[in-house]
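Now for the letters of each chain:
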Amino acid sequence: MNRVRVDLGERSYDIVAGSGLLKDTGALLGSLGFSSRVVILSNPVVERLYCEEVHNSISAAGFECSRVIIPDGEQYKSYDWSYNILTELLKLRLDRKSCIVALGGGVIGDMAGFVASIYMRGINFVQIPTTLLAQVDSSVGGKTGVNHPLGKNMIGTFHQPRLVIADTDVLKTLDQRQLLCGMAEVIKYGIISDSGLFSYLEDNRDRILGLDESAMTHLIKRSCEIKADVVSRDERESGLREILNYGHTVGHAIETETGYLKYLHGEAVAIGMCLEAKISALSGVLDASHLGRIEGLVKDYGLPHGIPDDIQRNRLIEHMAIDKKTVSGRVKFILPEEIGRVRIETSISDDVILRALA
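Along each chain, residue indices are assigned from 1 in the same order as the chain's sequence is written. For this predicted model, a pLDDT threshold of at least 70 governs which residues receive local features, and a threshold of 80 or more governs which side-chain atom pairs are given and counted, while totals over whole chains, interfaces and linings are taken from all residues. Side-chain calculation: all heavy atoms of the structure are included, whereas hydrogens and water are not.

### Remarks on the side chain of Gln-160
The way it works is that DSSP assigns letters per residue, a run of H or I at least four long becomes a helix, a run of E at least two long becomes a strand, and they are numbered from the N terminus. Looking at where Gln-160 falls in the secondary structure, it is placed in the loop between strand 8 (151–155) and strand 9 (163–167). Note on classification: 1.4 Å probe, protein chains only; a residue is buried when its accessible area is under 20% of the maximum for its type, exposed when over 50%, partly exposed between these limits. Assessed through its relative accessible area of 9%, Gln-160 is described here as buried. N or O atoms closer than or at 3.5 Å make up a polar contact, with two conditions inside protein: a donor-capable atom paired with an acceptor-capable one, and, for residues adjacent in sequence, both atoms drawn from side chains. Within polar-contact distance, the side chain of Gln-160 engages the backbone oxygen of Gly-141 at 2.8 Å. A distance of 3.2 Å separates the side chain of Gln-160 from the side chain of Glu-235, its partner in a polar contact. Working rule for contacts: check all heavy atoms of both residues, and any pair within 4.5 Å makes them a contact. Discounting chain neighbours no more than four positions away, the residues touching Gln-160 are Leu-8, Arg-11, Tyr-13, Phe-125, Gly-141, Gly-142, Val-231 and Glu-235.

Listed below in structure tokens is the structure:
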């Protein structure tokens, strides 16, 4: 078992990663001081695969365990569905020391965290991410939220989990598309912070896509180390943490414009990373050779890298203008200066953006 500490004073917690951890869920929860009632939030796909094992482990540790199951898909990450979850928690009589266990991908984790943050003004939750994207990114850092038709994650809170359990065995049941979506976020970490990680991704593609256990454990641990360091220094995204949004300014606009149905989150971020790198190159910040490596790695991992012709570019700019990262009408971009280092930029003209999106 590998551990990474997210250092936030009294809100500090561990990320544990390794093989076969689901069976240890109850023991891991038992040391955290929760009251007797625990609820697993999941979706039907994950429930069939893993809920029984996690449920039995929690019950064996002496907890009264229940389940709340919601439909699978980004379109269900909404305020209406979070209200339905709250209703079920009230029926189950969770108290202020109860715990919600998020068993699923990023949608489940975001919704569990959001609901936990507002139920009785805040209760415990634990993340058990079952997708690569959630293991390396969305389960860590305490960002929670739901989508709105006008923008992704526009309704949400900061609420840190008490523990993150990343079992590498669950990756074996991911379909290829979901696996590649997670790789988009790993690529992001290499671009924003670690050129060595980026080179590792270039050199070990076959091992990674073959789910070599040591390679996957390395990717998860290194990605979590980078995010934990950033979050520990800037929990509420007042400065440094904004670099984690690389690729997301364009990516979220694409998701919003397509109604959260055409692209998975990682696919939209992959497109966003390529286009924001292109914006950086057009702005004279990023050298063409680094742009080529970024675009090349995204393509090598089978991820989309451009916007289809049927998406209106002006509409994307409109969505960016109301993104939660926009301040005083100025769209904020994270631009790579080179592989391993980025800058925050708010002075990109619409003309440069349109040229990059063309």
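### Points about the pairing of strand 10 (residues 333–338)
Here, any two strands with at least 2 DSSP bridges between them count as paired. Taken together, the five bridges between strand 10 and strand 11 (residues 341–345) define a ladder with antiparallel strand orientation. Residue pairing in the sheet places Pro-336 in a bridge with Val-342 of strand 11. Linking two consecutive strands that pair antiparallel, namely strand 10 and strand 11, is a turn of two residues; a positive phi of about 110 degrees is found at Gly-340 within it.

### Overview of the packing of helix 3 (residues 79–91) against helix 4 (residues 106–118)
Between N-to-C directions, angles cover 0 to 180 degrees, with each direction set by a line fitted to C-alpha atoms, over the stretch in contact for helices. As a packed pair, helix 3 and helix 4 sit with axes 10 Å apart at the nearest point and diverge in direction by 60 degrees. Between helix 3 and helix 4, the crossing angle belongs to the class labelled oblique. Crossing hand, helix 3 versus helix 4: right-handed. When helix 3 is examined against helix 4, the residues Tyr-79, Trp-81, Ser-82, Ile-85, Leu-86 and Leu-89 are found in contact with a partner set consisting of Met-111, Phe-114, Val-115 and Ile-118. Each residue receives one of three labels: charged for Asp, Glu, Lys and Arg, nonpolar for Ala, Val, Leu, Ile, Met, Phe, Trp, Tyr, Cys and Pro, and polar for the others, Gly being one of them. Residue classes in the contact of helix 3 with helix 4 are distributed as nine nonpolar, one polar and no charged. Relative orientations are named as follows: roughly parallel for angles under 35 degrees, roughly antiparallel for angles over 145 degrees, roughly perpendicular for angles from 65 to 115 degrees, and oblique for any other angle. Left-handed is the label given to a crossing in which the near helix is rotated counterclockwise from the far helix by less than a right angle, and right-handed is the label when the rotation is clockwise.

### Thoughts on the pattern of salt bridges
The rule for a salt bridge is simple: a side-chain nitrogen of Lys or Arg has to be within 4 Å of a carboxyl oxygen of Asp or Glu. All told, the structure shown has 32 salt bridges when counted by the stated rule. Among the ionic pairs, Glu-257 bridges to Arg-315, the shortest N-O distance being 3.1 Å. Of this pair, Glu-257 sits in helix 10 (residues 248–257) while Arg-315 sits in helix 13 (residues 313–321), and the two are 58 residues apart along the sequence. According to the relative accessible area criterion, Glu-257 is partly exposed, its value standing at 25%. Among the residues examined, Arg-315 registers a relative accessible area of 32% and is labelled partly exposed. Residues Arg-341 and Glu-338 are paired through a salt bridge, measuring 2.9 Å at the closest nitrogen-oxygen approach. By relative accessible area, which is 41% here, Arg-341 ends up partly exposed. It is possible to trace a salt-bridge network through shared partners that takes in Glu-74, Lys-77, Asp-110, Lys-152 and Glu-255.

### Overview of the packing of aromatic side chains
Centres within 6.5 Å are what make two rings of Phe, Tyr or Trp a pair, Trp counting through its six-membered ring; a difference in plane orientation under 30 degrees is then read as stacked, over 60 as edge-to-face, and the rest as tilted. For the structure on display, the rule yields one aromatic pair. A centroid spacing of 5.9 Å and a plane angle of 90 degrees characterise the contact between Tyr-76 and Trp-81, whose relative ring orientation is edge-to-face. When the ring centre of Tyr-189 is taken as origin, the NZ or CZ atom of Lys-188, which lies over that ring, is 4.7 Å away. Both a distance and an angle decide whether a charge sits over a ring: NZ of Lys or CZ of Arg must be within 6 Å of the ring centre and within 35 degrees of the ring normal.

### Considerations on the sheet that holds strand 9
Pairing within the open sheet is mixed, and its seven strands lie in the order 1-2-9-6-5-3-4. Two strands close off the open sheet at either side, each with one partner strand: strand 1 (2–6) and strand 4 (64–69). In this sheet, adjacent strand axes meet at a mean angle of 20 degrees when their direction is disregarded. Pairing analysis gives five bridges linking strand 2 (residues 13–18) to strand 9, with the strands arranged parallel. The residue of strand 9 that forms the bridge with Asp-14 is Leu-163.

Interpretation in functional terms is not warranted from these geometric data alone.
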